[in-house]
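Letter by letter, the chains look like this.
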Amino acid sequence: MRPDREHDFSQYAQARIPRLQRVAYQLLGDRDKADDAVQNTLTVLYQRWNRMHDVQNLDAYVHTMLVRSCLNDRRRWWAKVQLWETTPDLPVAAGEPLVEQRMVLRAALRRLPEGQRTVLVLRFLCDLPVAEVARLMNRSEGTVKRQTFTGLGNLRRMLDERARSEA
């Protein structure tokens, strides 16, 4: 690869890594697996980088690669092996707002079935339209709408149950 193309790739990747990691983490629920999915996506992108000048929307292309990588990762048998019951606590900066609410929401998202969780992350975290989510997941638009409706209902029910138990 020419040095200027390599520099372009490096700049592109560095600018996109935080968002890619956030999406992968929400889809997989594990920081290490999310980092692996992002790394795999960027590795494949690097191999194809010389051909990417023809792609009209590079961000959408890379996002699709990442989502498919995450979905494929979850289908592998070893992806279901978990060595601990809950995710270990991670240090949080003092004074960060709404930390507990985010932790509660993440825990509730992890309790949702895979399809509902994926649809909610893609629709609301990634702000993708129904048609794009359907295309990424190889599902019909009606299925995406149903999983969105059911997933939001399940999420509300879980959060309401938690609020009642705390009261």
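In case you missed it, the structure is sitting above this.
The rules behind these values
- Residues numbered from 1 in each chain as written.
- Predicted model: local features only at pLDDT ≥ 70, side-chain atom pairs only at ≥ 80, totals over all residues.
- Heavy atoms only, no water.
- Phe/Tyr/Trp six-rings, centres within 6.5 Å; stacked < 30°, edge-to-face > 60°.
- Helix = DSSP H or I, 4+ residues; strand = E, 2+ residues; numbered from the N terminus.
- Buried < 20%, exposed > 50% of the residue type's maximum accessible area, 1.4 Å probe, protein only.
- Axes fitted to C-alpha atoms, helices over the stretch in contact; angles between N-to-C directions.
- Parallel < 35°, antiparallel > 145°, perpendicular 65-115°, else oblique.
- Left-handed = near helix turned anticlockwise from the far one by under 90°.
- Contact = heavy atoms within 4.5 Å.
- Nonpolar A, V, L, I, M, F, W, Y, C, P; charged D, E, K, R; others polar.
- 1 Å grid on protein atoms, 1.4 Å probe; cavity = no way out; pocket = protein on both sides within 12 Å on 5 of 7 lines; lining within 4 Å.
- Points joined across faces, edges and corners; volume = space filled by probe spheres on them.
- Core = buried A, V, L, I, M, F, W, Y, C linked by side-chain atoms within 4.5 Å.

(A) Quick peek at the packing of aromatic side chains. Scanning the model with the defined rule gives three aromatic pairs in all. A centroid spacing of 5.2 Å and a plane angle of 75° characterise the contact between Phe 9 and Trp 49, whose relative ring orientation is edge-to-face. Taken together, the residues span a long stretch of sequence, with Phe 9 in helix α1 (residues 3-28) and Trp 49 in the loop between α2 (31-48) and α3 (58-75) at a distance of 40 residues. Judged by relative accessible area, Phe 9 falls into the buried class, the value being 11%.

(B) How the structure looks around the packing of helix α5 (residues 114-125) against helix α6 (residues 130-137). Following both chains from N to C, one finds α5 and α6 inclined at 135°, their axes separated by 10 Å at the closest point. Taken together, the axes of α5 and α6 are oblique relative to one another. Relative to α6, the crossing made by α5 is right-handed. The segment α5 lies against α6, with Gly 115, Thr 118, Val 119, Leu 122 and Arg 123 engaging Val 130, Val 133, Leu 136 and Met 137. Residue composition of the contact of α5 with α6, by class: six nonpolar, two polar and one charged.

(C) Just empty space enclosed by the protein, in detail. A complete count under the given rule lists one cavity of 30 Å³ or more for this structure. Here the largest cavity defines a volume of roughly 40 Å³. Around the largest cavity, the lining residues are Tyr 25, Gln 26, Gly 29, Arg 106, Leu 109, Arg 110 and Arg 117. Mapped by element, the contributors of at least two residues to the lining of the largest cavity are α1 and α4 (99-111). Sort the elements by how many residues they give to the lining of the largest cavity and α4 lands first, with three residues.

(D) Spatial organisation of the packing of α6 against helix α7 (residues 141-166). Between α6 and α7, whose axes approach to 8 Å, the crossing angle comes to 105°. If you check the angle between α6 and α7, you find them roughly perpendicular. Residues Val 130, Ala 131, Val 133, Ala 134 and Met 137 of α6 form the contact with α7, whose own contacting residues are Glu 141, Val 144, Lys 145 and Gln 147. Class assignment for the residues of the contact of α6 with α7 results in six nonpolar, one polar and two charged.

(E) Broad picture of the nonpolar core. Formed by 34 residues in total, the largest nonpolar core has its most connected members in Leu 45, Leu 66 and Leu 122. Listed by contribution, the elements that provide at least two residues to this core are α1, α2, α3, α5 and α6. Per-element accounting of this core gives the leading share, nine residues, to α1. By size, the runner-up hydrophobic cluster in this structure holds six residues, among which are Ala 108, Leu 112, Leu 120 and Met 158.

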